[in-house]
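Analysis of the macromolecular model
What follows is the residue order along each chain.
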Amino acid sequence: MASEKVEWLDEQSIYEAISQAGTPEREQIDDIIARGLELKGLSFEDVALLCRVDSEELLAPVFAAAKKVKEAIYGRRIVLFAPLYISNLCANECLYCAFRRSNTLLTRRALQREEIQAQTRAILDQGHKRVLMVAGESYPKEDGFSYVIKAIDAIYAARNEHGDSIRRINANVAPLTVEEFAELKQAGIGTYQLFQESYHRETYGKVHLSGRKKDFDWRLGGMDRAMQAGIDDVGIGALLGLADWRFEILAMMSHIRHLEKEFGVGCHTISVPRIEPAVGSDMASAPPQAVSDADFKKIVAILRLAVPYTGIIMSTRENAAMRYATLELGVSQISAGSCTDPGGYTESRNEAAAQFQLGDHRPLAEVIKDIGERGFIPSFCTACYRTGRTGHDFMDMAKPGAIKSKCGPNALSTYLEYLLDYKPEGLARPGRNAIQSELICMSARDQKVARSLLDKVEQGQRDVFC
Ligand code: SAM
Ligand code: SF4
């Protein structure tokens, strides 16, 4: 049975905002930028107008403002994570995805507890502390949905030779009932992530041919059910390349406003996945409304100005050059050293089991070295989730700028842990230099906190945070 129609998504008003935006004038853009720099976010109309900015002359100040906002709120730290694909079984028929049910070219696999733990150890051995658990929408018959809950338990219980374990699991699994979401929360997830794929109902219908996911409203109501179940950290996204990206951005704004109105807090993160080639999918090689590199950068910059306190996630779908470019424009979290085939971290990579092709295959240490050379500080921090700074509490700290006093010191202590325990080649000296340079840029108060955490790590304590 189809779900009840979600009323807050008003396609008509999105179309009107796009068509009424007109051709942007320099003065209008300057006004919007000035509002963006106040870090209070932008209105629907502001975003619609920014979407129409095309000239280099107008784009340059928008990019510069996005960079300023990013640095004001997040500093130079970049949070790192790895995806952990536990299963590629799927009962849906999403035309862009290799996991879709009818794809006979895909090797199917749902990892068992031991296998999940072996993947977890391999991710830990790279130095990661945070994973995004991912699965197709079909679980082994004997377990049903409890397969997901058991997988979370398996991941948290795994230890590598250093005695390290995963400190935060975010989950990207199909939308659930309120009761199932409550189980997911109970199992200890950090952020629940769900991409609407397309907020454009007609487009959505054309690319999701069968299975539970065909029901647009069931998916669109997913975050409401998650929040009703008490999950207050949610991550939204649109799969870029299906419908007009301007429509998708404005629809995401509507989604955030809706969550703020209903639950008092919007989303914690936004992802900007672009469709990548996938085994057995013609659509993935030729997306109906492919997003150019130039528009992609614009999307990141607009989001950074529009929702300054929302983390923006960039995955390894994108190549290294695009990842660097968008780090400067507002991205605050990246995956690294990833694979999208279940089992891929310990076995030779199997493209015939992967969800899509990656644009960045570099191991974690190489990514850290490269971003470090560009002046960014890697962070393996998981403190917010573990100290209960989520949802409202996180936003209450983030909005007056206080979260930087937590993120900064925690980034340094977790980076030092990584350098000491995983001894990445060629990183010891540049890593320590980066920590020192970052320390001297901090306020006296933050510096004191950071030094105390760093001392503890030097003395052998682990998992210290503020
Ligand atoms: N199966 C669940 C679902 O669909 O929500 C969760 C996991 S799905 C494996 C994760 C995301 O991968 C999807 O939401 C979709 O946006 C993205 N994805 C699927 N095919 C893709 C492709 N060819 N290129 C890039 N991203 C893709
Ligand atoms: Fe299944 Fe998700 Fe892929 Fe759709 S996007 S086929 S639901 S794994």
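This structure is a prediction, so every number in the text was calculated from the model and none was measured.

Right, let's get into the site of ligand 1. In the region of ligand 1, 22 residues are neighbours, and Glu 197, Lys 213, Arg 219, Glu 276 and Gln 355 sit closest. At a separation of 3.1 Å, a nitrogen atom of ligand 1 approaches a polar backbone atom of Ala 135. The contact in question runs from an oxygen atom of ligand 1 to an N or O atom on the side chain of Arg 219, over 2.6 Å. For ligand 1, whose accessible area on its own is 560 Å², the fraction buried by protein is 97%. When its residues are assigned to classes, the shell around ligand 1 shows twelve nonpolar, three polar and seven charged.

Turning our eyes to something else, we now look at the side chain of Thr 310. Topologically, Thr 310 is positioned in the loop between helix H13 (293–306) and strand E7 (311–314). The exposure class assigned to Thr 310 is buried, which follows from its relative accessible area of 6%.

This part takes up the pairing of strand E3 (residues 168–172). The buried fraction of E3 is high, at five of five residues. Across the two faces of E3 the burial is the same, with Arg 168, Asn 170 and Asn 172 and Ile 169 and Ala 171 all buried. In this sheet, E3 lies alongside strand E2 (residues 130–135) in parallel orientation, the contact comprising five bridges. Bridging across to E3, Leu 132 finds its partner in Asn 170. Between E2 and its parallel partner E3, the chain crosses via helix H6 (residues 146–157), and the hand of that crossover is right-handed. Each parallel crossover has a hand, and the one from E3 via helix H7 (residues 178–186) to strand E4 (residues 189–193) is right-handed.

What follows deals with the site of ligand 2. With respect to spatial proximity, the complete set of residues near ligand 2 consists of Cys 90, Asn 92, Cys 94, Cys 97, Phe 99, Arg 100, Gly 136, Lys 213 and Gln 355. Taken together, the residues of the shell around ligand 2 break down into four nonpolar, three polar and two charged.

Our focus in this paragraph is the domain arrangement of the protein. Domain boundaries assigned for the protein yield domain 1 (11–70), domain 2 (75–383) and domain 3 (402–458). Every contact between the two is made by 21 residues of domain 2 and, on the other side, 15 residues of domain 3. Carbon and sulfur atoms supply 64% of the area that domain 2 and domain 3 bury against each other, a total of about 1,500 Å² over both sides. Along the contact surface separating domain 2 from domain 3 lie one salt bridge. With its nearest N and O atoms 2.9 Å apart, the salt bridge here joins Arg 167 to Glu 417. For the side of domain 2 that touches domain 3, the secondary structure elements donating two or more residues are helix H5 (113–126), helix H15 (364–373) and strand E9 (377–379). Among the elements that make up the side of domain 2 that touches domain 3, the one with the highest residue count is H15 (four residues). Residue classes in the side of domain 2 that touches domain 3 are distributed as nine nonpolar, six polar and six charged.

Cut-offs used in this document
Residues numbered from 1 in each chain as written. Chains lettered and ligands numbered in written order. Predicted model: local features only at pLDDT ≥ 70, side-chain atom pairs only at ≥ 80, totals over all residues. Heavy atoms only, no water. Near = heavy atom within 4 Å. Polar contact = N/O pair within 3.5 Å; in protein donor to acceptor, adjacent residues only side chain to side chain. Areas by Shrake-Rupley, 256 points an atom, 1.4 Å probe, with all protein chains shown as cover. Nonpolar A, V, L, I, M, F, W, Y, C, P; charged D, E, K, R; others polar. Helix = DSSP H or I, 4+ residues; strand = E, 2+ residues; numbered from the N terminus. Buried < 20%, exposed > 50% of the residue type's maximum accessible area, 1.4 Å probe, protein only. Pairing = 2+ DSSP bridges. Right-handed = clockwise from strand over helix to strand, strands pointing away. Domains from an automatic or database assignment. Contact = heavy atoms within 4.5 Å. Buried area = accessible area lost by both parts, 1.4 Å probe. Salt bridge = Lys/Arg side-chain N within 4 Å of Asp/Glu carboxyl O.

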